[in-house]
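# Tertiary structure, described
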Amino acid sequence: MMTKRRLLCGWMLSLLMTTVSVVCMAGNDRMFRPYNASDGLADNGAQVVICTKTGRMVISSIGHINFYNGSSFDHIDPHTENIYELPKYLGHYHLYFDKAHHLWVKDKYQVTCVNLLTEQFHRDVPGVLAEMGFKGKAEDLFVDEDGCLLILEGNKLYNCTTKKSYPVKKGRSLIDIGSYEQTLTLLFYDDGSVESFDHSTGKLRYARNMLSPSQISKYNNTSVLLYDNQGFYQIRNGEKEAILLYIDAKTGESRTVMEMPYHLNNMEIHEGYLYIASEHGYWTYDLKTGEKEHTESLRISSTQTIETDINDIAFDLQGGMWVSTEKRGLLYSKPYASPFKSYPWSDAKAMKYGAMLYQESLKPQEKLPRRTNCSYHDSRGWRWEGSYTGLKLYKSDKQEKPIVYTTKDGLNNDVIHSIIEDNDHHLWVSTSDGISVLLIENGELQNIVSYGGEDNVPRGSFSNGLAMKLEDGTIIMQNLDYIVEFNPADFHTTKGMDIKLYPKLIRLTVNGQTIQPGMELDGNVIIDRAPTRIKEMDVNYDQNTIILLFSGLNYFRPTQTYYRVRIKGYMDDWQVYSVSDENGRVDGKGLLHFPIIGIQPGNYEIEVQASMYADSWPVDPYVWRLSVNEPWWRMTIVYLTLGILLLGLMVANFVFYNKNTRMTLSRNNVEGGILKRVKTFATMCEKMEDDVLSPYMTDGEGHQEDEGEMTFIEAMTKIVPYVLEHQGRLSMAQLTKVAQIDIDKFYDVMSSNLYKTPRVVVLKLRLQQVVEMLLHSEKSVDEIAEELKFASPNYMIASFYHQYRQTPEDYRASNPR
């Protein structure tokens, strides 16, 4: 059922100033903004457009369903297996929402079904029908005003809610159905007749003919039905012509509203008017007076109009008008006309205003500081300066450092060109990218609201200092190409506007991954529905980097969307976010990117509100529940299991304690023996420092060491200096680390070789000293051999070559200092 949406009274002046004129627009006053494939719409052939109860826009295009969230389009595409044949449906695109969260999309001879909970097409339409109680072969289907699905099979119409069937006229085609206050079901036929059945008993209440014999053949193809108050409006199309009827639901009496020589496509009721989409623009019909008005041309800019067919018309919750077209995609018109009027220089009014601004500029002006475009003294005695880096405010002559307002505070742009005060003592400034107003109450800035291209403010820079207020309060500002005229009084009335916003969660990201319904992340299903449909989220303890993307569904002024958020148990105080915040959580399209980082296990409630005003929150908070699961090792069953395992380990530990103790003592004795022998070996090496090394004193000459001996010699070459340097308590762990071999191999090597003479190790150590002296002294080979107590230089050279495969001289030459 369509209901009227009226704007309520209400808010303080500073809030009312943020919106535009409340005068309802006639067709020719509307300006439309196109949305097409370049904006993300799946196809430019937009068929049906509907505003859901929560304010989201749903658009069917050729073969697609599009969801619009205020900044971007998401669309889903059907596959062959999603299509169910309807042999008796001859019409075009028709969308139905039933009470079981299904969207039925009918097109000629076929239907598809969208699961609105997951926002995906159902693969098994017969299965859906079976779940709803119908197991036959559907030939057509309908959904009435109460959301009940009715299915045509043969000569019976089955109601899936009441489980009753109504007889259908033999030999005639059923083209539409309607429901009246859950008491009557009306069946409309191609021959212009209507039958009414009692909703509960299924008995026939009346049968009427709505068309004359000459009209029956003209208007027998398709039907569109719209319920209003006590009856129905019905569009009936023929091959070329169309008729619009009104039918009293209680009596079946009908009257003709209009007949057209072209097709009428769809209808919508808004603010006391019936809007009728047609092949040539649209019609409005005053429900009280019966007056009709035809709008054939749509204005898409101040200088451009288009003529187009219109498939459907819808109004969003703010009162904005949406028009779907066959080739131009969607067209959107704001609920209120912009008070800004732009006159090109060729316009007589622009020339008049331009002359006035020129005369104003000839008056004596104060000298401006460097990099200042304009200055202004307001009625409070405050001095304002427009600069390249923002708007500067000096509240007194003694104030040395100004208050500076920039884009971070809500201005369009930081380059300020002109400043003027209105009759309510608010300040208007022109910038290099639009116009902003500073709303000041009781000497304090309450808010900054900015207007740009979407508000009919021309793009491009304004002229420095060229702004003035006329006697009636109208303000004019000079742009490079236009004169802009507006009256701040037109931005509000004593009634005001109460535009309510309903926040919608449109995307959920966890640990950097966008979450889809039923998707598993590390084995955990976080949501089972589309993000727009969920109220609960379930994450694991290590899935605690979460980003929630919210839309205020503010189609009218998206950048004027304020959000208020708190998370009970995590962030208990309300936090307000807007486009002008420094944290950047609200982007340029009015979407809130809200991060939750490092949240601890527990249950939380996320509360979100959206509003067009920073200090007014007329809609109750929307609540989402977030569950962060404990890690598996904190769960009760895990505690019990761990307790049992711990008890078992304690018993096992007691049983093996003595055995382990004996083994440890035995190993300690072995370790003690090896450590003692290592120290002795090192001491022997130290005592041999003054011994002269000669060939016959080294056991290794001509002897080929095996792998164990080589490992021993290399290890002891590292260990002996360490042991001599560290005379305190040593451990096996220290020695194995110095030797760089594992402990088991260390045991074997030491046990097998510690009994041998240390002369080979001493030789290795002496050769290391040779290397040091070769690299860091100028001494000759002979001098080094003598100093290091080699029996002869030749013996040192031979030993050195055996170790390094180079003579000492070659080694020194290849390693220059």
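Everything quoted here is computed from the prediction, not taken from an experiment.

### Here's the deal with the overall build of the protein chain
On a plain count of helices and strands, the protein chain comes out with 12 helices and 54 strands. Against the globule reference of 28 Å for 817 residues, the protein chain gives a C-alpha radius of gyration of 44 Å, more extended than a compact globule. Counting only C-alpha atoms, the protein chain reaches 135 × 90 × 50 Å along its principal axes. Counting every position in the protein chain, which comprises 817 residues, the buried fraction comes to 49%. Here the protein chain displays about 39400 Å² of accessible surface, and carbon together with sulfur accounts for 50% of that area. Each charge class in the protein chain was averaged separately, 85 positive and 105 negative side chains, and the resulting centres sit 3 Å apart.

### A few points about the sheet that holds strand E16 (residues 184–189)
Strand order in the open sheet made by the 4 strands is E15-E16-E17-E18, with antiparallel pairing throughout. Single-partner strands in this sheet number two, and they are strand E15 (174–180) and strand E18 (204–209). Pairwise comparison of adjacent strand axes, ignoring direction, gives a mean angle of 15° for this sheet.

### Side note on the pairing of strand E34 (residues 383–387)
Counting buried residues along E34, 4 of its 5 residues qualify, which places the element largely inside the surrounding structure. Sheet analysis places strand E33 (residues 372–377) next to E34, joined by 5 bridges and oriented antiparallel. Residue pairing for E34: Tyr-376 is matched across the bridge by Trp-384. Turn length for the E33-E34 hairpin, with the two strands adjacent in sequence and antiparallel, is 5 residues, and the turn residue Gly-381 shows positive phi of about 90°. The antiparallel pairing of E34 with strand E35 (residues 390–394) creates a hairpin that spans 2 residues between the two strands.

### Details of helix H4 (residues 348–361)
Here H4 spans 20 Å end to end across 14 residues, near enough to the 20 Å set by a 1.5 Å rise per residue. All of the buried residues along H4 are Ala-350, Tyr-353, Gly-354 and Leu-357. The buried residues of H4 occupy an angular sector of 105° when projected down its axis, which confines them to one face. Looking at H4, the residues exposed on the side facing more than 90 degrees away from the buried face are Ala-348, Met-351 and Lys-352. In this structure, the buried residues of H4 make contact with strand E32 (341–344), strand E41 (462–469), strand E42 (475–479) and strand E43 (482–486). In this structure Asp-347 caps H4, since a side-chain oxygen of it lies 2.7 Å from the backbone nitrogen of Lys-349.

### With respect to a nonpolar patch on the surface
Nonpolar side chains collect at one region of the surface, where Leu-646, Leu-647, Leu-649, Met-650 and Val-651 lie side by side and expose about 530 Å² of accessible area between them. Here Leu-646 shows up in helix H5 (residues 636–687).

### Regarding helix H6 (residues 707–725)
Spanning 19 residues, H6 covers 28 Å between terminal C-alpha atoms, matching the ideal 27 Å at 1.5 Å per step. At Met-716, H6 shows its maximal bend, which comes to roughly 30°. Turning to H6, its buried residues are Glu-709, Thr-711, Phe-712, Ile-713, Ala-715, Met-716, Thr-717, Ile-719, Val-720, Tyr-722 and Val-723.

### Let's talk about unusual backbone geometry
Look at Gln-740: it is not a glycine, yet its phi comes out positive at around 60°. By secondary structure assignment, the location of Gln-740 is in the loop between helix H7 (732–739) and helix H8 (743–753). Accessibility expressed as a relative area gives 62% for Gln-740, which makes it exposed.

### Brief notes about the confidence of the model for the protein chain
Averaged over every residue, the pLDDT of the protein chain is 87; residues scoring 70 or more account for 92%. Counting contacts from residues 1–24, a segment whose pLDDT is below 50, to residues more than four positions away or on other chains yields 82 contacts.

### So, the pairing of strand E51 (residues 571–577)
In the case of a regular strand, side chains alternate between the two sheet surfaces. Of the strand pairs in this sheet, strand E50 (residues 562–568) and E51 are connected by 4 bridges, and their pairing is antiparallel. Paired with Tyr-563 across the bridge in E51 is Tyr-577. Hairpin connection from E50 to E51: 2 residues lie between these consecutive antiparallel strands, with Gly-569 at a positive phi of about 95°.

### With respect to the packing of aromatic side chains
Counted according to the given criterion, the structure contains 33 aromatic pairs. Ring geometry for Tyr-166 and Phe-197: centres 5.6 Å apart, planes at 40°, overall tilted. A residue pair is termed long-range when its members are at least 10 positions apart, and Tyr-166 in strand E14 (residues 165–167) and Phe-197 in strand E17 (residues 193–198) qualify at 31 residues. Comparing Tyr-166 with Phe-197 shows no difference in burial state: the two are buried.

### Looking at the packing of helix H9 (residues 759–776) against helix H11 (residues 793–804)
Closest axis-to-axis distance for the H9/H11 pair is 10 Å, and the angle between their directions is 95°. Comparing their axes, H11 and H9 come out roughly perpendicular. Contacts from Leu-763, Lys-764, Leu-767, Gln-768, Val-770, Val-771 and Leu-774 of H9 reach H11 at Tyr-795, Met-796, Ser-799, Phe-800, Gln-803 and Tyr-804. Considered class by class, the residues forming the contact of H9 with H11 number 9 nonpolar, 3 polar and 1 charged.

### A short note on the environment of Glu-81
Mapped onto the secondary structure, Glu-81 falls in the loop between strand E5 (73–76) and strand E6 (84–85). On the basis of relative accessibility, which here comes to 41%, the residue Glu-81 falls in the partly exposed class. There is a polar contact of 2.6 Å between the side chain of Glu-81 and the side chain of Arg-123.

### Notes on the sheet that holds E34
With antiparallel pairing, 4 strands are arranged side by side in an open sheet as E33-E34-E35-E36. Unpaired on one side and paired on the other, E33 and strand E36 (403–405) mark the two borders of the sheet. Each strand axis lies, on average, 20° off the axis of its neighbour in the sheet, ignoring direction.

### Comments concerning the pattern of salt bridges
With the rule as written, the count across this model stands at 23 salt bridges. Between Asp-140 and Lys-106 there is a salt bridge; the shortest N-O distance is 2.9 Å. Remark: Lys-106 occurs in strand E8 (residues 102–107) and Asp-140 occurs in strand E11 (residues 140–143); sequence separation between them is 34 residues. A single burial state applies to Asp-140 and to Lys-106, both of which are buried. Notably, a salt bridge pairs Arg-459 with Asp-433, separated by 2.8 Å at the nearest N-O pair. Taken together, the positions of Arg-459 in the loop between strand E40 (444–451) and E41 and Asp-433 in the loop between strand E38 (427–431) and strand E39 (434–441) put the pair 26 residues apart, joining distant regions of the chain.

### Side note on empty space enclosed by the protein
The method is simple in principle: a probe with the dimensions of a water molecule rolls over the atoms, and the space it marks as empty is what remains. By the definition in use, this model includes 1 cavity of 30 Å³ or more. Lining the largest cavity are Thr-54, Gly-55, Asp-316, Leu-317, Gln-318, Lys-500, Leu-501, Tyr-502, Gly-552, Leu-553 and Tyr-555. Residues of the lining of the largest cavity, tallied by class, amount to 5 nonpolar, 4 polar and 2 charged.

Cut-offs and rules
Residues numbered from 1 in each chain as written. Predicted model: local features only at pLDDT ≥ 70, side-chain atom pairs only at ≥ 80, totals over all residues. Heavy atoms only, no water. Helix = DSSP H or I, 4+ residues; strand = E, 2+ residues; numbered from the N terminus. Rg over C-alpha atoms; globule rule 2.2 N^0.38 Å. Buried < 20%, exposed > 50% of the residue type's maximum accessible area, 1.4 Å probe, protein only. Areas by Shrake-Rupley, 256 points an atom, 1.4 Å probe, with all protein chains shown as cover. Lys, Arg positive; Asp, Glu negative; His and termini not counted. Charge placed at Lys NZ, Arg CZ, Asp CG, Glu CD. Pairing = 2+ DSSP bridges. Axes fitted to C-alpha atoms, helices over the stretch in contact; angles between N-to-C directions. Expected span 1.5 Å × (residues − 1). Arc of directions from axis to C-beta. Contact = heavy atoms within 4.5 Å. Polar contact = N/O pair within 3.5 Å; in protein donor to acceptor, adjacent residues only side chain to side chain. Patch = residues over 30% accessible without salt bridge, like charges linked within 9 Å, V, L, I, M, F, W, Y side chains within 5 Å. Salt bridge = Lys/Arg side-chain N within 4 Å of Asp/Glu carboxyl O. Bend = angle between axes of the 7 residues up to and from the residue. pLDDT = per-residue confidence, 0-100. Phe/Tyr/Trp six-rings, centres within 6.5 Å; stacked < 30°, edge-to-face > 60°. Parallel < 35°, antiparallel > 145°, perpendicular 65-115°, else oblique. Nonpolar A, V, L, I, M, F, W, Y, C, P; charged D, E, K, R; others polar. 1 Å grid on protein atoms, 1.4 Å probe; cavity = no way out; pocket = protein on both sides within 12 Å on 5 of 7 lines; lining within 4 Å. Points joined across faces, edges and corners; volume = space filled by probe spheres on them.

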